[in-house]
Amino acid sequence: PPRTPSSHSARPSDGASPGRSPLAPPLPSVLRDLSAGLRATLDTVMGEAMAREVAQGTYTPRLEPVRLDETLALSGLDPALRPCRLSPDPLPLLALDPRLLVHVYRNAVSNALKYGQPGGTVRTEVEILPPPAGTPVGPAARAELVMRVINEAGPGHDR
């Protein structure tokens, strides 16, 4: 006999997918959370391996053009902890290893939170210092990047 369309839908009316509990979170949300967790775990493992290589003197920096403020924004830290004072502002494009920069930055902020003044506010200052006067022109005449992570008295220490 020929099949006729059914008068009812096979799809649940509450919007849940067939075979899934109506109380379960949507699949894209679960996958997004899983991806974020895996990314954080991989970042931790890669950071530990890099720190070990740095400590052993075997790490080779991978220099690339970097916008410092954009790179530090990728650290995953609270936006309130990102650089608040840049000198010059804006900073020029710099040739740095972004992975190493983020690793050192996260470690500095972690130390400021852990060992700084209770109730303090963590802020970051970044500046580029020119080579000392009288430095011969050439590879030795590089400017110095200085990044200070400071824990000052005030609210917001326990982030």
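Residues numbered from 1 in each chain as written. Predicted model: local features only at pLDDT ≥ 70, side-chain atom pairs only at ≥ 80, totals over all residues. Heavy atoms only, no water.

**Considering the overall build of the chain**
To keep things clear, this is the line we draw: Helix and strand definitions follow DSSP, with helices as H or I runs of at least four residues and strands as E runs of at least two, each counted in order from the N terminus. Any pair of residues with heavy atoms lying within 4.5 Å of one another is described as a contacting pair.
Helix and strand content of the chain: 3 helices and 5 strands. Of the regular secondary structure in the chain, the N- to C-terminal order runs α-β-α-β-β-α-β-β. Sequence-distant contacts in the chain: of pairs separated by 6 or more residues, those separated by 24 or more amount to 76%.

**Concerning a nonpolar patch on the surface**
We count it as follows: Patch membership requires over 30% relative accessible area and the absence of a salt bridge. Like charges are linked within 9 Å, and nonpolar side chains (Val, Leu, Ile, Met, Phe, Trp, Tyr) within 5 Å. Using the Shrake-Rupley algorithm and a 1.4 Å probe, accessible areas are obtained, with residue cover drawn only from the displayed protein chains. For this document, the term salt bridge refers to a Lys or Arg side-chain nitrogen within 4 Å of an Asp or Glu carboxyl oxygen. Throughout this description, buried means an accessible area under 20% of the type-specific maximum (1.4 Å probe, protein chains only), exposed means over 50%, and partly exposed covers the range between.
On the surface, Leu27, Val30, Leu31, Leu34 and Leu38 cluster together into a nonpolar patch covering about 460 Å² of accessible area. You can see Leu38 is positioned in helix α1 (residues 27-56). Leu38 gets classed as exposed once you look at its relative accessible area, which sits at 54%.

**Structural notes on the side chain of Glu127**
We apply this condition: A 3.5 Å cut-off defines polar contacts: any pair of N or O atoms within that distance qualifies, except that in protein one atom must be a possible hydrogen donor and the other a possible acceptor, and neighbouring residues in sequence count only when both atoms are side-chain atoms.
With respect to the helices and strands, the residue Glu127 is situated in strand β4 (residues 121-129). Within the local environment of Glu127, its side chain forms a polar contact with the side chain of Arg148, the two groups lying 2.7 Å apart. Discounting chain neighbours no more than four positions away, the residues touching Glu127 are Arg85, Ser87, Glu144, Leu145, Val146 and Arg148.

**A few points about the environment of Gln117**
Topologically, Gln117 is positioned in the loop between α3 (98-115) and β4. Between the alpha carbons of Gln117 and Asn151 there is a distance of 6.5 Å; along the sequence they are 34 residues apart.

**A few points about the packing of α1 against α3**
Heads up, the rule is: To obtain each axis, a line is fitted to C-alpha atoms, and for helices this fit is confined to the stretch in contact; angles are then taken between N-to-C directions over 0 to 180 degrees. Any angle from 65 to 115 degrees is called roughly perpendicular, while one under 35 is roughly parallel, one over 145 is roughly antiparallel, and all others are oblique. Gly is placed with the polar residues, together with every amino acid not listed as nonpolar (Ala, Val, Leu, Ile, Met, Phe, Trp, Tyr, Cys and Pro) or charged (Asp, Glu, Lys and Arg).
Here α1 crosses α3 at 95°, and the two axes come no closer than 11 Å. When the axis of α1 is compared with that of α3, the two are roughly perpendicular. Along the contact surface, α1 presents Met46, Gly47, Met50, Ala51 and Val54, while α3 presents Arg99, Leu100 and His103. Considered class by class, the residues forming the contact of α1 with α3 number 5 nonpolar, 2 polar and 1 charged.

**Some thoughts on α3**
In an α-helix, one turn spans 3.6 residues, which is why side chains three or four residues apart end up on the same side. Which entries qualify depends on this criterion: Each residue after the first adds 1.5 Å to the expected span of a helix. Arc definition: it is the arc formed by the directions from the helix axis to the C-beta atoms.
Between its first and last C-alpha atoms α3 spans 25 Å; for 18 residues at 1.5 Å apiece the expected length is 26 Å, and the two agree. Within α3 the residues assigned to the buried category are Pro98, Leu101, Val102, Tyr105, Val109, Ala112 and Leu113. End-on, the buried residues of α3 take up no more than an arc of 95°, which puts them together on one face. In α3, those exposed residues whose orientation departs by more than 90 degrees from the buried face are Lys114 and Tyr115. Between the side-chain oxygen of the N-cap and the backbone nitrogen of Arg99 there are 3.1 Å, and the N-cap of α3 in question is Asp97.

**So, the side chain of Glu125**
Structurally, Glu125 is set in strand β4. A polar atom in the side chain of Glu125 sits 3.2 Å from the side chain of Arg85. Dropping the residues within four chain positions of it, Glu125 is found in contact with Arg85, Val146, Met147, Arg148 and Ile150.

**Looking at the layout of surface pockets**
This is how the line gets drawn: Here the term cavity refers to a set of points on a 1 Å grid, laid over the protein atoms alone, in which a 1.4 Å probe fits but cannot get out; the term pocket refers to an open set having protein on both sides within 12 Å along at least five of seven lines, with lining residues being those that place an atom within 4 Å of a point. Grid points are joined across faces, edges and corners, and a volume is the space filled by probe spheres set on the points.
Of the pockets and cavities examined, the largest pocket occupies roughly 570 Å³. Lining the largest pocket are 18 residues, with Asp43, Gly47, Val102, His103 and Arg106 positioned closest to its centre. Elements with a minimum of two residues in the lining of the largest pocket: α1 and α3. Per-element accounting of the lining of the largest pocket gives the leading share, 9 residues, to α1.

**Some words on the confidence of the model for the chain**
Here is the rule: Per-residue confidence from the predictor is given as pLDDT, running between 0 and 100.
Here the chain averages 77 in pLDDT, while 77% of its residues score no lower than 70. For residues 5-16, every residue scores under 50 in pLDDT, and the model assigns this stretch 4 contacts once sequence neighbours within four places are set aside.

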